[in-house]
Amino acid sequence: MPSRWDGVGQLLSALCVVHCVVLPAVLGLLPAAAARWLSGEETHQGLLALALMGALAAFIPGWRVHRRLGVPVLAVSGLTMLAAGAFLVPEGVGEGWEMGLTLGGGLLMAVAHGRNRALCRECCPPEVG
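Residues numbered from 1 in each chain as written. Predicted model: local features only at pLDDT ≥ 70, side-chain atom pairs only at ≥ 80, totals over all residues. Heavy atoms only, no water.

Trainee: Would you take a moment to explain the overall build of the protein chain for this structure?
Mentor: On a plain count of helices and strands, the protein chain comes out with 5 helices and 0 strands. Its helices and strands taken in sequence order, the protein chain reads α-α-α-α-α from the N to the C terminus. Just so you have it, the protein chain exposes about 7,800 Å², and 71% of that area is on carbon and sulfur atoms. (Helix = DSSP H or I, 4+ residues; strand = E, 2+ residues; numbered from the N terminus. Areas by Shrake-Rupley, 256 points an atom, 1.4 Å probe, with all protein chains shown as cover.)

Trainee: Help me out: how do you make sense of a nonpolar patch on the surface in this one?
Mentor: Together, W5, V8, L11, L12 and L15 make up a nonpolar patch on the protein surface, roughly 450 Å² of accessible area in all. When you line up the elements, L12 lands in helix α1 (residues 4–29). Relative accessible area serves as the criterion here: at 34%, L12 is assigned to the partly exposed category. (Patch = residues over 30% accessible without salt bridge, like charges linked within 9 Å, V, L, I, M, F, W, Y side chains within 5 Å. Salt bridge = Lys/Arg side-chain N within 4 Å of Asp/Glu carboxyl O. Buried < 20%, exposed > 50% of the residue type's maximum accessible area, 1.4 Å probe, protein only.)

Trainee: I would appreciate a short explanation of the layout of surface pockets in the present structure.
Mentor: Take a probe with the size of a water molecule and roll it over the atoms, and the empty space left behind shows itself. By volume, the largest pocket is sized at about 310 Å³. Along its surface, the largest pocket is lined by 19 residues, and L12, C16, L47, L48 and A51 are the ones closest to its centre. Elements represented by at least two residues in the lining of the largest pocket include exactly α1, α3 (41–66), α4 (70–88) and α5 (95–123). The dominant element in the lining of the largest pocket, judged by the number of residues it contributes, is α3, at 7 residues. For the lining of the largest pocket, the per-class residue count stands at 11 nonpolar, 8 polar and no charged. (1 Å grid on protein atoms, 1.4 Å probe; cavity = no way out; pocket = protein on both sides within 12 Å on 5 of 7 lines; lining within 4 Å. Points joined across faces, edges and corners; volume = space filled by probe spheres on them. Nonpolar A, V, L, I, M, F, W, Y, C, P; charged D, E, K, R; others polar.)

Nothing here speaks to function; it is all geometry.
This is the structure:
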């Protein structure tokens, strides 16, 4: 049975990518305090926690349905990149690295959720009527 959590995960992954792409433009428009909050470590760490919860809610039931290793490998890779961007890049030293890791991780998570959803539909198509 397809998990609704994959749809939520795809939406959150897309929002993550939008956050990273739009942030530079938004920074020019917002007061310094709000801009600091949006780009702060705590924000990225909080978003990582949401991504982890959404991933567990989507990928564990999905794994039980399709048993395909590629999906959790993509998800763990994406979460690892997100975590590296949130925790490993020193503040103020590697903005490019942080953005690259976060964007790459978000894109991997979106692909993992899409693949998980497709495999769940393939294994257990939704009942009609």
